[in-house]
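So you can see what is in the structure, the chains are spelled out below.
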Amino acid sequence: MNQNSNIEFISRESLEKLQLSRLKETLRRVYSFSPFYKNLFKKEGLTPSKIKSLKDLPLIPFTTRKDLRENFPYGLLSIPLNDVVRLHTSTGTTGKPKAVFFSRNDINSSAELIARSMKMTGAEKGDVFQNMMGYGLFTGGLISHYGAERLGLLVIPAGAGNTERQIELMFDFKTTVVHITPSYALYLADVMEEKGFNPKKDFNLRILYLGAEPYSEKTREKIERIFTVDAYNSYGLSEMNGPGVAFECKYKEGMHLWEDNFIMEIVDPSTGEPLKEGEEGELVLTSINKEAMPIIRYRTGDLTYIYPEKCNCSRVHRRISRIKGRADDMLIIRGVNVFPSEVERILMDLPEVGRNYQIVLDRKKDLDKMKVRVEIKRDFFDGSLDHLKKVEIKIKAKLKDELMVTPEIELLEPSSLPRTTGKAKRIIDKREI
Ligand code: DLL
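What counts as what
Residues numbered from 1 in each chain as written. Predicted model: local features only at pLDDT ≥ 70, side-chain atom pairs only at ≥ 80, totals over all residues. Heavy atoms only, no water. Buried < 20%, exposed > 50% of the residue type's maximum accessible area, 1.4 Å probe, protein only. Helix = DSSP H or I, 4+ residues; strand = E, 2+ residues; numbered from the N terminus. Pairing = 2+ DSSP bridges. Axes fitted to C-alpha atoms, helices over the stretch in contact; angles between N-to-C directions. Parallel < 35°, antiparallel > 145°, perpendicular 65-115°, else oblique. Contact = heavy atoms within 4.5 Å. Nonpolar A, V, L, I, M, F, W, Y, C, P; charged D, E, K, R; others polar. Salt bridge = Lys/Arg side-chain N within 4 Å of Asp/Glu carboxyl O.

Peer 1: Before we go on, may I ask you to explain the pairing of strand 17 (residues 353-364) in this structure?
Peer 2: Looking along a regular strand, one sees side chains alternate from face to face of the sheet. Of all twelve residues in strand 17, nine are buried, a share of seventy percent or more. Note: strand 17 against strand 18 (residues 367-376), nine bridges, orientation antiparallel. Looking at strand 18, one finds that Asp-362 is bridged to Lys-369. Where strand 17 folds back onto strand 18 in an antiparallel hairpin, the turn is made up of two residues, including Lys-365, whose phi is positive at roughly 50°. Here strand 17 pairs with strand 20 (residues 427-429) via three bridges, running parallel.

Laid out in structure tokens, this is it:
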């Protein structure tokens, strides 16, 4: 860890120098090994030597999810298959998954990023880390696992699901740190309460890492209150080798994106034009410290912005904001753009609202309709019908005020919506049927 012990605090100039040398090496690698990049460079009349400074990076076209699918499985592989030691795939819901390959050094550098991220939030030797991210092809489990071991935590490879067993493990081994999806954290709290535990008092939890799906600041606050913990935002994607791409520090104001491993750009999602710091757009990432499958200018689909100010922690790596969602998550309801994350933010700010919600889209007489099904806290749900009606009117008015759409509202009892242990499925789209 020595060489990297101050990489978080080096000067901007040294960081950019490192980025440029790693970028050049990465370009040489993909150009000589990967059939996809060899072709792309040829088509554009480019060679790696044309990229002389970081400013030249936009000369290279974007790589998209479609490119990954069309060149599945080996088109972007940049080392001999013999040197690949692991395969992960993305959690794609449509078509072929995206395959991601790791060399031994890639496993080490991903683990290093997780260890660095966890250390930044105060996790240390002596902590008991229960990893509730799914193990298997999903990167969330194994990559976090290796990172936490590297930092010297006691790792419980619990994976996602089997919630009663999770609670038992947390209780018996006095778990202090957990990596989990925010939706599963809320589910976990439900089951704890159902089983007669008090999530605040009966456990030793102090740090939660929440990631792998979009969620609002209000949901973070809610989770912090339920468990009395510090919850930190954890961001990553399979294509960039999984979690550990960006992570919050103790200030919890945006996530430091590890710029010694990735070059970031923010572009207009519809035109691909570059946007300035502070402007919201699509995150584009170039991996500059990967061997097996580096990706150049990858359109992540994730909407965020770069904080123009330096963080109070004085780390040199710039911060990105909480991910608003994916550009293709945006719903258009009667001409109005709506992000599910905004619906969540508004709902979770209302004291009557419980822990789960779902958005159902339908089409009637050519008009798109949105219904929000929302769990209400027990106290409110058991009140009079008159009172429930008032809650419904309040939620509808709040959504209308802030989003300019008037959805139908369905109030539900606590724990009545389907619960998931991984990434939540919030949108039920019936429009195609
Ligand atoms: O979700 C990797 C990961 C595992 C990240 C554990 C964090 C913790 P994929 O399955 O490929 O990989 O999904 C990546 O999930 O492009 C985002 O759209 C979304 N996502 C990941 N982290 C966050 C987050 C893993 N903190 C996709 N906030 C990404 C919002 C997130 N969205």
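Peer 1: Explanation requested: the packing of helix 8 (residues 217-227) against helix 9 (residues 340-348) in the structure shown.
Peer 2: A pair of packed helices is captured by two measures, namely the crossing angle of their axes and the spacing between those axes. The geometry of helix 8 relative to helix 9 is characterised by a closest axis approach of 7 Å and an angle of 45° between their N-to-C directions. Judged on the interaxial angle alone, helix 9 and helix 8 are oblique. Taking contact as the criterion, the partners of Lys-218, Thr-219 and Lys-222 in helix 8 are, on helix 9, Glu-344, Arg-345 and Met-348. Considering only residue class, the contact of helix 8 with helix 9 consists of one nonpolar, one polar and four charged.

Peer 1: I would appreciate a short explanation of the pattern of salt bridges in the present structure.
Peer 2: Two side chains of opposite charge can pair, provided their charged atoms sit close to one another. Evaluation of the coordinates by the stated rule reveals 41 salt bridges. The salt bridge partner of Glu-193 is Arg-355, with a shortest N-O separation of 3.1 Å. Residue Glu-193 is found in helix 7 (residues 182-194), and its partner Arg-355 is found in strand 17; the two are separated by 162 residues along the sequence. Here Glu-193 falls in the partly exposed class, since its relative accessible area comes to 39%. Here Arg-355 falls in the buried class, since its relative accessible area comes to 17%. Note that Asp-230 and Lys-252 form a salt bridge whose closest N and O atoms lie 2.6 Å from each other. One end of the pair, Asp-230, is in strand 7 (residues 230-237); the other, Lys-252, is in the loop between strand 8 (242-248) and strand 9 (255-257), with 22 residues separating them in the sequence. Judged by relative accessible area, which is 34%, Asp-230 ranks as partly exposed. A single salt-bridge network, built from bridges that share partners, covers Arg-12, Glu-16, Glu-259, Glu-277 and Arg-318.

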